[in-house]
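Fold and geometry: a report
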Amino acid sequence: MTSPMRLIPAIDLLEGKCVRLSQGDYGQKTVYYEDPLDAARAFADAGLPCLHLVDLDGAKAKQVVNWAVIERICTHTPLRVDVGGGIRSAQDLETVFACGAAQANIGSAAVRQEAEFLEWLAHWGPERLILSADARSGSVAIEGWQDDSRRPVLGFLAHYAAQGVRYAVCTDISRDGMLQGPSLALYAEIRAALPGLRLIASGGVSSLADLRELAALGLDGAIIGKAIYEGRIGLAELAEYQVSSRKTGSE
């Protein structure tokens, strides 16, 4: 018996609002909710238990910025929240966990501050940290997707999996916000090379069919953003799909 793939709606925070970008371009933003808590409550009301929160201001500032919004969402909903964007220090980690986050996503710091990242992994444990590998043309992009680390995605994930990382989210930047389907070949390659890694897909999901294909690859989770906000996938549909997946997984 395998656990069903987790469905994880996403909220991107920019200037305190819920927005979506296209391919990580801050100049291509759409505001969907003035108050992100309204979006989070809608997800919770639909029966979706998880939420992926990205502090886009934090990613640019290289420190957590929208901590007050993060705290409001964690405090006023029952969602299991993971937070990313701008986490560069132990203090940033303390902040997001104090706000109520269950997990923290680390990307740029894992590239630039390996010794510190491994210290955080030892201190907080592999259940609290998610390694972020945001892929552009096969290499890991950092600093809010503005810079290229020149580190191959698969090698980056394999290196840290060997160090004890259990969770990783991989975003194909070229697909993010484009509603053109997820990067199935990339995820299949990672799953084949690192079967023990709990891999979360992000970017490009546009339909339930996309989610079924990701689930068939054995992924731990799939992050869904623009497809929800643009009405491509309804919250009731997501909740129903999740319930049916759980029933299938328990049979």
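Residues numbered from 1 in each chain as written. Predicted model: local features only at pLDDT ≥ 70, side-chain atom pairs only at ≥ 80, totals over all residues. Heavy atoms only, no water.

What to know about the overall build of the protein chain
- Scanning the protein chain for helices and strands turns up eleven helices and twelve strands.
- Its C-alpha radius of gyration of 17 Å places the protein chain within 12% of the 18 Å reference for a compact globule of 251 residues.
- In terms of principal-axis extent, the alpha carbons of the protein chain reach across some 45 × 40 × 35 Å.
- Across the protein chain, every contact between residues at least 6 apart in sequence was considered, and the portion connecting residues at least 24 apart equals 66%.
- When the accessible surface of the protein chain is summed, it comes to about 10,600 Å², and 48% of that surface belongs to carbon and sulfur atoms. (Helix = DSSP H or I, 4+ residues; strand = E, 2+ residues; numbered from the N terminus. Rg over C-alpha atoms; globule rule 2.2 N^0.38 Å. Contact = heavy atoms within 4.5 Å. Areas by Shrake-Rupley, 256 points an atom, 1.4 Å probe, with all protein chains shown as cover.)

Things to note about the pattern of salt bridges
- Evaluated as defined, the whole model comprises seven salt bridges.
- A salt bridge links Glu127 to Arg166; the shortest N-O distance between them is 2.5 Å. In this pair, Glu127 sits in the loop between α6 (114-124) and β7 (129-136) while Arg166 sits in the loop between α7 (153-161) and β10 (167-172), placing the two residues 39 residues apart along the sequence.
- For Glu127, a relative accessible area of 33% puts it in the partly exposed group.
- Overall, the relative accessible area of 39% leaves Arg166 in the partly exposed class.
- When salt bridges with common partners are traced through the structure, they connect Arg6, Arg198 and Asp220 into a single cluster. (Salt bridge = Lys/Arg side-chain N within 4 Å of Asp/Glu carboxyl O. Buried < 20%, exposed > 50% of the residue type's maximum accessible area, 1.4 Å probe, protein only.)

A short note on the pairing of β10
- With six of six residues buried, β10 lies mostly within the body of the structure.
- Both faces of β10 are covered, namely the face carrying Tyr167, Val169 and Thr171 and the face carrying Ala168, Cys170 and Asp172.
- The pairing of β7 with β10 spans six bridges and is parallel. Looking across to β10, one finds that Ile130 is bridged to Tyr167.
- Across five bridges, β10 lies against strand β11 (residues 198-202) in parallel orientation. Its bridge partner lying in β11, Thr171 is registered against Ser202. (Pairing = 2+ DSSP bridges.)

Comments concerning the packing of aromatic side chains
- Summed over all chains, the structure comprises six aromatic pairs.
- Ring centres 4.9 Å apart and planes at 75° place the aromatic pair Phe117 and Tyr160 in the edge-to-face group. Here Tyr160 lies in helix α7 and Phe117 lies in helix α6, a separation of 43 residues in the sequence.
- Linked through ring pairs, Tyr32, Tyr33, Phe43 and Tyr229 together constitute an aromatic cluster.
- Positioned above the aromatic ring of Tyr26 is the side chain of Lys60, whose terminal nitrogen or guanidinium carbon lies 4.5 Å from the ring centre.
- Here Arg128 stacks its cationic end above the ring of Phe97, 4.0 Å away from the centre of that ring. (Phe/Tyr/Trp six-rings, centres within 6.5 Å; stacked < 30°, edge-to-face > 60°. Lys NZ or Arg CZ within 6 Å of the ring centre and 35° of its normal.)

Some words on helix α8 (residues 184-193)
- Within the sequence span of α8, burial applies to Leu186, Tyr187 and Ile190. Down the axis of α8, the sector holding all buried residues measures 95°, keeping them to one side. Opposite the packed face of α8, turned more than 90 degrees from it, sit the exposed residues Ala185 and Ala192.
- Looking at the packing, one finds that the buried side of α8 touches β7, α7, β10, β11 and α9 (208-216). (Arc of directions from axis to C-beta.)

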